Amino acid sequence: MASKHVVILGAGPAGLTAAYELNRHGVPLTVLEKDPRFVGGLARTVERDGYRFDIGGHRFFSKSQEIEDLWTEMMGEQLRSCARISRIYYRQKYFDYPLKPVNALRNLGPIESMRCLLSYAWARMHPVKNPRSLEDWVRNQFGYRLFSIFFKTYTEKVWGISTSELSADWAAQRIKGLSLMETIRHAVVPARFQPHERGAVIKTLIDRFRYPRLGPGQLWEVVRDKLVAGGRRIELGAEVTSIRHSGGMIRSVAIQGASGRQVIEGTDFISTLPIRELIERCDPPLPTPVREAAAKLKYRDFLTVAVVVKRDSLFPDNWIYIHDPAVKVGRIQNFKNWSPDMVPDQRATCLGLEYFCFEGDGLWTSSDEELVDLGRRELATLGICRPEEVAWGATVRVQKAYPVYDDQYREHVAVVREYLERALPNLHLVGRNGMHHYNNQDHSMMTALLAARNIATGTTYDVWKVNSDAEYHEEARASDREIGGRHVPMRIDEAA
Ligand SMILES: Cc1cc2nc3c(=O)[nH]c(=O)nc-3n(C[C@H](O)[C@H](O)[C@H](O)COP(=O)(O)OP(=O)(O)OC[C@H]3O[C@@H](n4cnc5c(N)ncnc54)[C@H](O)[C@@H]3O)c2cc1C
């Protein structure tokens, strides 16, 4: 392996998993990360005055046994097992989530419940054929009324786009197999009578998961430390500013860091950078159609307002979905309920108020003080605590937290992918924004594992065949089953 040197762009879950796997095979590597302090990317855990908080709470659950085993190997006993408690807040009521019929009926009241049932019956009798929008897809499964209470407002907060414009891909990936009947079955049938095979677990309904004692960032800090202890180079504060290619190969990348500009050469390059950014930074510029396709990929940004509240207990949930349109906050995490070690003083509670936004919009450009103040006011509006109980707060802005699935994203990704595979075969795209695939850590990690294995051992896995459950399906092309949104509803019809 002495002749190889793999340069990994980004030290998030995908980049560090690729590094971990390459290291296992003894392949020389360098990891370049623009963040000056944290590894873990979107799965990092930020720390202020001893309080630790995530960029959105990160559940560790995978249908892939290989990924579950890898987490155990990396973290051992530092991974706690957590029971999930999460509810939906809507019109001053807390609905259990996953939905429980008795609780939902009580909160909705008899008249609204009857309306929901009639609307569900109507949707089953008159389903939208070949649903392309998220609205039509969910309406088919739940009826319009339940859709508008339990999906519409929250989804529109998350994406900032009307549900009638969002592709059905998203719902099909995230809540596939779920319908009103499935939800009721899950709620009323005792666990021992429910399907036990791992593949039958529906993501949205998972009620136990693992979580590192000090948050997801702890896992990636452990992995970083193992790699550094093994002599591997992980450069923080190293932003990749250009990716240089010639003769049909990537030759080097330039980084801008604290010690100025450097050029790092390599034989293979694994990128977890957002595709749009990667293509923009190629030098010389790639052909116009490729640049135009990449430039059309869209993202949703995100910010967390973490507040420390002077109370030992506020609510039992790990997180609460805030569907209520009266406030801007979309979700509230209670990190102490994920792991007590996330707070240094058990008399206090640390909440993460999650706001979904676009870079440059009113929320994004608000000052930190304004955002903490907004959080304080919204907590009071929701009746969670009094404004004066908030001791202090901190904000973290996250660019490109979510790759957007609009009508054209598949075509744009395909243009980029086909060009790179043909013209620059030593550049390997993996991970979430790296493949413009809205997915959890397990998928990001699996794509990275396979890419690293291809480089280290000469296997020829097609990382685009890793599905959203982090399973590798040799028989179906990703473009048919995963990336191709048009085909996803067909899969649901087949399964129904
Ligand atoms: C709010 C939220 C909640 C989530 N909840 C869960 C959950 O419960 N469970 C779960 O498993 N997953 C969850 N995820 C998804 C998970 O965070 C991602 O799947 C995972 O982090 C993707 O890993 P990645 O390495 O592909 O990308 P990233 O985490 O985005 O890492 C990419 C890295 O590249 C770096 N980078 C970018 N540009 C450059 C550059 N030019 N030069 C150098 N470095 C650069 C970034 O700083 C970053 O560190 C959640 C995500 C979000 C946003």
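It should be noted that the structure appears before, not after, this text.
Residues numbered from 1 in each chain as written. Predicted model: local features only at pLDDT ≥ 70, side-chain atom pairs only at ≥ 80, totals over all residues. Heavy atoms only, no water.

(A) Expanded view of the overall build of the protein. A count of helices and strands for the protein gives 18 helices and 20 strands. Here the analysis covers contacts within the protein between residues at least 6 apart in sequence; of these, 71% occur between residues at least 24 apart. Summed over all atoms, the accessible surface of the protein reaches about 20400 Å², with 52% contributed by carbon and sulfur. (Helix = DSSP H or I, 4+ residues; strand = E, 2+ residues; numbered from the N terminus. Contact = heavy atoms within 4.5 Å. Areas by Shrake-Rupley, 256 points an atom, 1.4 Å probe, with all protein chains shown as cover.)

(B) Main features of the sheet that holds strand β16 (residues 319-322). Pairing in this open sheet of seven strands is mixed, and the strands run β7-β6-β16-β17-β18-β15-β19 from one edge to the other. Edge positions in the sheet fall to β7 (93-97) and β19 (390-403), since each has one partner strand and no second. For this sheet, the mean inter-axis angle between neighbouring strands, taken without regard to orientation, is 20°. Relative to β7, strand β6 (residues 86-90) is paired through five bridges, and the arrangement is antiparallel. Directly across from Tyr90, in β7, lies its bridge partner Lys93. Against the sheet, helix α5 (residues 144-159) touches β6, β7, β15 (299-309), β16, β17 (331-334), β18 (349-357) and β19, its axis set at about 100° to β15. The strands touched by helix α13 (residues 368-381) are β6, β15, β17, β18 and β19; relative to β19, the strand with the most contacts, the crossing angle is about 105°. (Pairing = 2+ DSSP bridges. Axes fitted to C-alpha atoms, helices over the stretch in contact; angles between N-to-C directions.)

(C) The pattern of salt bridges, seen in detail. As enumerated under the stated definition, the model contains 29 salt bridges in all. One salt bridge in this structure joins Arg376 and Asp373, with 3.6 Å as the shortest N-O distance. Taken together, the residues Arg376 and Asp373, both in helix α13 and three residues apart, mark about one turn of the helix. With relative accessibility at 22%, the residue Arg376 sits in the partly exposed group. Close ionic contact of Arg377 with Asp373 constitutes a salt bridge, the shortest N to O distance being 3.6 Å. Of the two residues, Arg377 and Asp373 both sit in helix α13, four residues apart, roughly one turn of that helix. Where salt bridges share partners, they join Glu21, Arg24, Glu66, Glu73 and Arg453 into one cluster. (Salt bridge = Lys/Arg side-chain N within 4 Å of Asp/Glu carboxyl O. Buried < 20%, exposed > 50% of the residue type's maximum accessible area, 1.4 Å probe, protein only.)

(D) Highlighting unusual backbone geometry. Looking along the chain, the bond that leaves Asp283 and enters Pro284 is cis, with omega of 0°. For Pro284, the location among the structural elements is in the loop between β14 (282-283) and α10 (288-295). Even without being a glycine, Ala470 presents a positive backbone phi close to 65°. With respect to the helices and strands, Ala470 occurs in the loop between α16 (441-457) and α17 (478-481). The exposure class of Ala470 is buried, given its relative accessible area of 1%.

(E) Here's a closer look at helix α3 (residues 101-125). Here α3 contains 25 residues, and its C-alpha end-to-end distance of 22 Å is more than 12% below the 36 Å for a straight helix at 1.5 Å per residue. Along α3, the largest kink reaches about 115° and is centred on Gly109; proline Pro110 follows within four residues of it. When we look at burial in α3, the residues that qualify are Asn103, Ala104, Asn107, Leu108, Gly109, Glu112, Ser113, Cys116, Ser119, Tyr120 and Ala123. (Expected span 1.5 Å × (residues − 1). Bend = angle between axes of the 7 residues up to and from the residue.)

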